[in-house]
Amino acid sequence: KQEVTQIPAALSVPEGENLVLNCSFTDSAIYNLQWFRQDPGKGLTSLLLIQSSQREQTSGRLNASLDKSSGRSTLYIAASQPGDSATYLCGQGGYQKVTFGIGTKLQVIP
Amino acid sequence: GAVVSQHPSRVICKSGTSVKIECRSLDFQATTMFWYRQFPKQSLMLMATSNEGSKATYEQGVEKDKFLINHASLTLSTLTVTSAHPEDSSFYICSARRSGNPWETQYFGPGTRLLVL
């Protein structure tokens, strides 16, 4: 059974700090890995998509890496800002569906 | 490219009424579309898969008569929650895939939040 785990479940950091969110998956048959942002009461925003043939993707202050051999992906946020406060979800693209983690709730304190 | 939209973004309805949610692929044709649901403090779970012009395939435990899915064109899929009840209140999100290749990337819409009073 495909499972995706995100650690930590919640994280609180002061503004300006660099941080790493973790995502691990049990199924080695991965096609891609996506990171999303979800604001309270709002919808999903796609942040980064890493294909299985890639090792990382970058967008602005965000960098996501993928290590298929260890079943892990990380989302690195540089110089965090209060506007980064949200829940971050990772989704493993596999056969016929995407399996999601529960998410990491991030709070960046001004 | 690969933008997916949903309408409405939020909907409030009375118990017993039906609600229709639209999912559109804006800049590509989607052979396959998917519907997911997010329960509070849980991960998004796949509800059903639909291919254009054919009946949807529902995941175990999802009532097909309760959640009607129509994929009438290559850019539009609709989810109708029939006779909605408060327990149907949830966040519904769709995704779209260009081809029938089960390994191809799914592109996600922003989601629709449904509240049933």
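Here's a quick rundown of the structure. The shown structure was predicted, so the numbers you read here are calculated from the model rather than taken from an experiment.

1. Some remarks on the environment of Leu-19 of chain A
All names here are of chain A. As for its placement among the helices and strands, Leu-19 is situated in strand S3 (residues 19–25). The class for Leu-19 is buried, based on a relative accessible area of 4%. When the C-alpha atoms of Leu-19 and Leu-75 are compared, they prove to be 8.3 Å apart, with 56 residues separating the residues in sequence. Not counting the four nearest positions on each side in its chain, Leu-19 is found in contact with Leu-11, Val-13, Leu-75, Tyr-76, Ile-77, Ser-80 and Leu-106.

2. Some words on the state of the cysteines
Taken as a whole and assessed by the stated rule, the structure comprises 2 disulfides over all chains. What pairs with Cys-23 of chain A in a disulfide is Cys-90 of chain A, and their sulfur atoms sit 2.0 Å apart. Its torsion about the S-S bond being 75°, the disulfide of Cys-23 of chain A and Cys-90 of chain A is classed as right-handed. Of this pair, Cys-23 of chain A sits in strand S3 while Cys-90 of chain A sits in strand S9 (residues 86–93), placing them 67 residues apart in sequence. The burial state of Cys-23 of chain A is the same as that of Cys-90 of chain A; both residues are buried. One disulfide bridge connects Cys-23 of chain B with Cys-94 of chain B, the sulfur atoms lying 2.0 Å from each other. Negative torsions about the S-S bond denote left-handed disulfides, and the value of about 80° found for Cys-23 of chain B with Cys-94 of chain B makes this one right-handed. Of the two residues, Cys-23 of chain B is situated in strand S3 (residues 19–25) and Cys-94 of chain B in strand S9 (residues 90–97); the sequence distance between them amounts to 71 residues. You can see Cys-13 of chain B has no disulfide; the closest cysteine sulfur is in Cys-94 of chain B, sitting 18 Å from it.

3. With respect to the pattern of salt bridges
All names here are of chain B. In total, this model carries 4 salt bridges over all chains according to the counting rule given. The salt bridge partner of Arg-24 is Glu-22, with a shortest N-O separation of 3.4 Å. Judged by relative accessible area, Arg-24 falls into the partly exposed class, the value being 34%.

4. Quick look at a nonpolar patch on the surface
Judged by side-chain polarity, Ile-12, Leu-115 and Leu-117 of chain B come together as a nonpolar surface patch covering roughly 310 Å² of accessible area. Secondary-structure assignment places Leu-115 of chain B in strand S11 (residues 112–116).

5. Focus: the packing of aromatic side chains
All told, the structure shown has 7 aromatic pairs over all chains when counted by the stated rule. Taking 6.2 Å as the distance between ring centres and 45° as the angle between the ring planes, the aromatic pair formed by Phe-67 of chain B and Tyr-92 of chain B counts as tilted. Note that Phe-67 of chain B is positioned in strand S7 (residues 67–73) and Tyr-92 of chain B in strand S9, a separation of 25 residues in sequence. On the accessibility criterion, Phe-67 of chain B (6% relative accessible area) is buried. Taken together, the aromatic side chains of Phe-36 and Phe-100 of chain A together with Tyr-36 and Phe-108 of chain B make up a single cluster linked through ring pairs. One residue, Arg-98 of chain B, lies across the ring of Phe-28 of chain B, its end atom 5.0 Å from the ring centre.

6. Quick notes on the interface of chain A and chain B
The partner chain B presents 22 residues to the 21 residues of chain A that form the contact. Both sides of the chain A and chain B interface together cover about 1,800 Å² of buried area, and 58% of this is carbon and sulfur. Viewed at the interface, chain B and chain A are joined by 0 salt bridges. Along the contact surface separating chain A from chain B lie 8 residue pairs in polar contact (both at pLDDT 80 or more). Every element with two or more residues in the side of chain A that touches chain B is listed here: strand S4 (32–38), strand S5 (44–51) and strand S10 (98–100) of chain A. For the side of chain A that touches chain B, the class distribution of residues is 10 nonpolar, 9 polar and 2 charged.

So, how was this worked out
- Residues numbered from 1 in each chain as written.
- Chains lettered and ligands numbered in written order.
- Predicted model: local features only at pLDDT ≥ 70, side-chain atom pairs only at ≥ 80, totals over all residues.
- Heavy atoms only, no water.
- Helix = DSSP H or I, 4+ residues; strand = E, 2+ residues; numbered from the N terminus.
- Buried < 20%, exposed > 50% of the residue type's maximum accessible area, 1.4 Å probe, protein only.
- Contact = heavy atoms within 4.5 Å.
- Disulfide = S-S within 2.5 Å.
- Salt bridge = Lys/Arg side-chain N within 4 Å of Asp/Glu carboxyl O.
- Patch = residues over 30% accessible without salt bridge, like charges linked within 9 Å, V, L, I, M, F, W, Y side chains within 5 Å.
- Areas by Shrake-Rupley, 256 points an atom, 1.4 Å probe, with all protein chains shown as cover.
- Phe/Tyr/Trp six-rings, centres within 6.5 Å; stacked < 30°, edge-to-face > 60°.
- Lys NZ or Arg CZ within 6 Å of the ring centre and 35° of its normal.
- Buried area = accessible area lost by both parts, 1.4 Å probe.
- Polar contact = N/O pair within 3.5 Å; in protein donor to acceptor, adjacent residues only side chain to side chain.
- Nonpolar A, V, L, I, M, F, W, Y, C, P; charged D, E, K, R; others polar.

From the geometry alone we can't say anything about function, so treat these as descriptive.
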